[in-house]
2 protein chains.
Amino acid sequence: MGENDKLTEERIFDAATDVFLDKGMDGARMQDIADRATINKALLHYYYRTKDKLFNAVFEKIAGKLFSKFAPVFSENLSLEEKIRFFFREHITFLQQNPRLPAFILNEINRNPARMRKILNNIDINKLWSVLEEQHHDELVRYNITKESIPQIMTTIAAISVFPFAARGLLEAIFEKMNITFDSYIEERKVFAADFVIKALTK
Amino acid sequence: MGENDKLTEERIFDAATDVFLDKGMDGARMQDIADRATINKALLHYYYRTKDKLFNAVFEKIAGKLFSKFAPVFSENLSLEEKIRFFFREHITFLQQNPRLPAFILNEINRNPARMRKILNNIDINKLWSVLEEQHHDELVRYNITKESIPQIMTTIAAISVFPFAARGLLEAIFEKMNITFDSYIEERKVFAADFVIKALTK
DNA sequence: AATAGGATAAACCAAATAGTTTAACCAAAA
DNA sequence: TTTTGGTTAAACTATTTGGTTTATCCTATT
C-alpha cells in the first residue's frame, strides 16, 4: 500500500521535525516522536532504523530549506539594491513562518560541525562571487564592494536577518518590558534591515 | 579547611562551565564534569546537590559576563560614535576570548525562556533609554535615532557582534573554502562593524 | 589523642531511554 | 484463499545516567 506508506513516513518525518526543532537532538525522545505521529515505537524504528538516521534526514531537509532562500539573490533579474530589499523581505518572511529554524541550525552546527561541512560540500562558494561580479560589476564598484569585503558584508546581512530569530527568547523578554511585540518588530525589520544595509554600503 | 574548599568548588565550577559550554544542559554528563574536575561523583554532588543547581549557577555567571559587556556604553565618557567603536572593539575582543558563550546562551534561552526572564528582571530597560537621551541628546537628533528605532538599532548592533560566534561552525566551514581564517575575519570585524553601523546611522 | 569534615572508591538504586522481539491484526494484492 | 506487509500492543534487553550510600582515609583543628 504505497499510498498509506508515504503518509505514515511523512507523518513520522513531520513529527520528528517538530520534536527536534523544539528539543534538539539530545533533548528529543523517540517515544515523543512516535506519540506525536500517533504510531508506536516499533513502527517508528521500522521506518527510520535509528534516532541518528532520523535526525540526519530532518536536519538536511531543514538546512536545505534555510539556505535555499539565499539562492534567488543570484537568479532574480534585479539591481543590487532591489536584490537586497528582495532578500530581506523574502528571508524574514520565511523565518516568520519557520521561526525555530535558526536556533536549531546554529545549535546543531556547533554540536557537530562535520555535518555542516558535508552539506556545504555541494555548494561552490567561489563561483558565487564570479556570478555576483558578472551580474553587478558596475554596482559593486559604485558601492565599493570588493571580493575581500564580501565575507564581512554577507555575514552582516545574514546576522541582521537571522539573529532576531535565534535570540527570540531573549528579545521577547526585553520587548515585553518596552511594550512592543516581537511580531511588530519583525514586520518593521523587513524594511529597516534593507534601508540600514543599503545606507551603510552607499558611498 | 576553607582554603582548599574554595579551590575544589572552583575546580568543579570551571569544569562544569567547560562541559556545559560544549554539550549544553541536555548533553552534559555529571560524570564528565567530575572527571574534568578530577574528583569523584560523590564529591560533585556534595558541593552542588543536583545537575540543575549546578547548571543554573554556571548559566547565571555566564549570562552576567556576557551582558555586563554592554554596560560601559552607558558609563564611558565618549561621543556616540566613539562609544560604538568602543563597544565593538571591546565586545568582539571579549567574545574572541569566550567564543562559545553566544551559542550556549542562545540555545539555552530558547530551551528555557523563563530562566532568561528571571535574569532580566534585575535590569530596568526603560531607564537605559533615558540615560542615553540625557548623555547624547544632540547626537541622537543628528543621527535620527528615536526611541522607536532603538530596538531595531540595538538588535542590529548585537547581531553584528554576536552572530559570527553563534554561527562559528558554519562560517568556519565556508571560510575554509575561501582560504580565509575565522580569526582574521573576526579581527577585521572589530572596525568593519563600527564603520558599517556609523555609516548606516549618519544622515 | 580525639574529632570533624573534606575526599575517595565502589557498589548500588531507580528511572529513563534506544532499540528489539514477539504475537497478533487487518487489508490489499496475488 | 493465501500471502504480504503495514501496524499494533506489550514485554523485554542493555545501557546510560542522576543521585545515594557506605566504608575508609587523611589532615588540620581542638
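Residue positions are counted from 1 within each chain, in the order its sequence is given. Starting at A for chains and at 1 for ligands, labels are handed out in the order in which the entities are written. In keeping with the predicted nature of the model, local features appear solely for residues at pLDDT of at least 70, side-chain atom pairs appear and are counted solely at 80 or more, and the whole-chain, interface and lining totals rest on all residues. Here the side-chain values reflect all heavy atoms present in the structure, with hydrogen atoms and water set aside.

Caption draft 1: How the structure looks around the overall build of chain A. A tally of regular secondary structure across chain A gives 12 helices and 0 strands. Strands here mean DSSP runs of E at least two residues long; helices mean DSSP runs of H or I at least four residues long; both are numbered from the N terminus. Helices (α) and strands (β) of chain A occur, in sequence order from the N terminus, as α-α-α-α-α-α-α-α-α-α-α-α. Principal-axis analysis of the C-alpha atoms gives chain A an extent of 60 × 45 × 30 Å. A total of 203 residues make up chain A; the buried ones form 48% of that total. Between two residues, a contact is recorded if the distance between any of their heavy atoms is within 4.5 Å. Contacts spanning at least 24 positions in sequence make up 67% of the contacts within chain A whose residues lie at least 6 apart. For the area figures, the Shrake-Rupley method with a 1.4 Å probe applies, and any residue is considered shielded solely by the protein chains shown. Accessible surface computed for chain A: about 10200 Å², of which carbon and sulfur atoms make up 52%. Using a 1.4 Å probe on the protein chains alone, a residue whose accessible area is under 20% of its type maximum counts as buried, one over 50% counts as exposed, and one in between counts as partly exposed.

Caption draft 2: Focus on the interface of chain A and chain B. Across the contact, 55 residues belong to chain A and 55 residues belong to chain B. By definition, the buried area sums, over both parts, the 1.4 Å-probe accessible area that each loses when the two are put together. Around 4800 Å² of area is buried between chain A and chain B when both sides are counted, 65% of it from carbon and sulfur atoms. It is Gln152, Phe163 and Lys177 of chain A that lose the most area in chain A upon contact with chain B, and together they represent 15% of the buried surface on that side. What counts as a salt bridge is simple: a side-chain nitrogen of Lys or Arg found within 4 Å of a carboxyl oxygen of Asp or Glu. Our enumeration of links across chain A and chain B arrives at 2 salt bridges. Between Arg117 of chain B and Glu176 of chain A there is a salt bridge whose closest N-O contact spans 2.9 Å. Polar contacts, as used here, are pairs of N or O atoms within 3.5 Å; protein pairs need one atom able to donate a hydrogen and one able to accept it. Residues neighboring in sequence count only if both atoms are side-chain atoms. The interface formed by chain A and chain B includes 32 residue pairs in polar contact (both at pLDDT 80 or more). Residue polarity follows a fixed list, in which Ala, Val, Leu, Ile, Met, Phe, Trp, Tyr, Cys and Pro are nonpolar, Asp, Glu, Lys and Arg are charged, and the others, Gly among them, are polar. When its residues are assigned to classes, the side of chain A that touches chain B shows 31 nonpolar, 11 polar and 13 charged.

Caption draft 3: View of the protein's contact with DNA strand D. Close to DNA strand D lie 17 residues; Thr8, Tyr46 and Tyr47 of chain A together with Arg29 and Lys41 of chain B are nearest. A cutoff of 4 Å decides nearness: a residue is near a molecule or strand if any of its heavy atoms lies inside that distance of it. Counting only atoms of DNA strand D within 4 Å of the protein, the sugar-phosphate share comes to 69%. Interatomic distance of 3.4 Å between a backbone N/O atom of Ala28 of chain B and a phosphate oxygen of DNA strand D. In the model, a phosphate oxygen of DNA strand D is placed 2.7 Å from a nitrogen or oxygen of the Lys51 of chain B main chain. Looking at the surface near DNA strand D, the elements with two or more residues in it are helix 1 (2–27) and helix 3 (41–47) of chain A together with helix 3 (41–47) of chain B. Looking at the surface near DNA strand D, the element that brings in the most residues is helix 3 of chain A, giving 4 residues. Here the residues of the surface near DNA strand D sort into 8 nonpolar, 5 polar and 4 charged.

Caption draft 4: Representation of the environment of Asn144 of chain A within the structure. Structurally, the position occupied by Asn144 of chain A is in the loop between helix 9 (125–143) and helix 10 (150–166). Sequence-distant contacts of Asn144 of chain A, defined by excluding residues within four places in its chain, comprise Ser149 and Lys203 of chain A.

Caption draft 5: Structural view of the packing of aromatic side chains. Two aromatic rings from Phe, Tyr or Trp, using only the six-membered ring of Trp, form a pair when their centres are within 6.5 Å; if the ring planes differ by under 30 degrees the pair is stacked, by over 60 it is edge-to-face, and anything between is tilted. Here the structure, examined in full by the defined rule, presents 21 aromatic pairs over all chains. Ring centres of Phe20 of chain B and Phe55 of chain B lie 4.9 Å apart, and the angle between their planes is 85°; this geometry places the pair in the edge-to-face category. With Phe20 of chain B in helix 1 (residues 2–27) and Phe55 of chain B in helix 4 (residues 51–68), this residue pair connects regions lying 35 residues apart in the sequence. Just as Phe20 of chain B is buried, Phe55 of chain B falls in that class too. With centroids separated by 4.8 Å and ring planes inclined at 55°, the aromatic side chains of Phe175 of chain B and Tyr185 of chain B adopt a geometry described as tilted. A residue pair is termed long-range when its members are at least 10 positions apart, and Phe175 of chain B in helix 11 (residues 168–178) and Tyr185 of chain B in helix 12 (residues 182–201) qualify at 10 residues. Relative accessible area serves as the criterion here: at 2%, Tyr185 of chain B is assigned to the buried category. Connected via pairs of aromatic rings, a cluster forms that spans Phe20, Phe55, Phe59 and Phe104 of chain A. By the criterion adopted, a ring carries a charge over it if an Arg CZ or a Lys NZ lies within 6 Å of its centre and within 35 degrees of its normal. Sitting over the ring of Tyr143 of chain B, Arg142 of chain B keeps its end group 5.4 Å from the ring centre.

Caption draft 6: Summary view of the relation of the copies chain A and chain B. When the copies are superposed, the least-squares fit draws on C-alpha atoms of residues that have pLDDT of at least 70 in both. With an axial shift of 0.0 Å and an RMSD of 0.0 Å, the rotation relating chain A to chain B amounts to 180°. In short, the pair behaves as if placed about a two-fold rotation axis. Considering only C-alpha atoms, the part of chain A nearest the rotation axis is Ala200 of chain A, at 2.0 Å. The fraction of interface residues of chain A whose copies in chain B are also interface residues reaches 100%, indicating that both copies meet through the same surface.

Caption draft 7: How the structure looks around the protein's contact with DNA strand C. Arg29 and Lys41 of chain A together with Thr8, Tyr46 and Tyr47 of chain B are the nearest of the 17 residues found near DNA strand C. Within 4 Å of the protein, the atoms of DNA strand C are drawn from sugar and phosphate moieties in a proportion of 70%. At 3.2 Å from a phosphate oxygen of DNA strand C is found a main-chain nitrogen or oxygen belonging to Met30 of chain A. One of the side-chain nitrogen or oxygen atoms of Thr8 of chain B is found 2.7 Å away from a phosphate oxygen of DNA strand C. Contributions of two or more residues to the surface near DNA strand C are made by helix 3 of chain A together with helix 1 and helix 3 of chain B. Ranked by residue count, the leading element in the surface near DNA strand C is helix 3 of chain B, at 4 residues.

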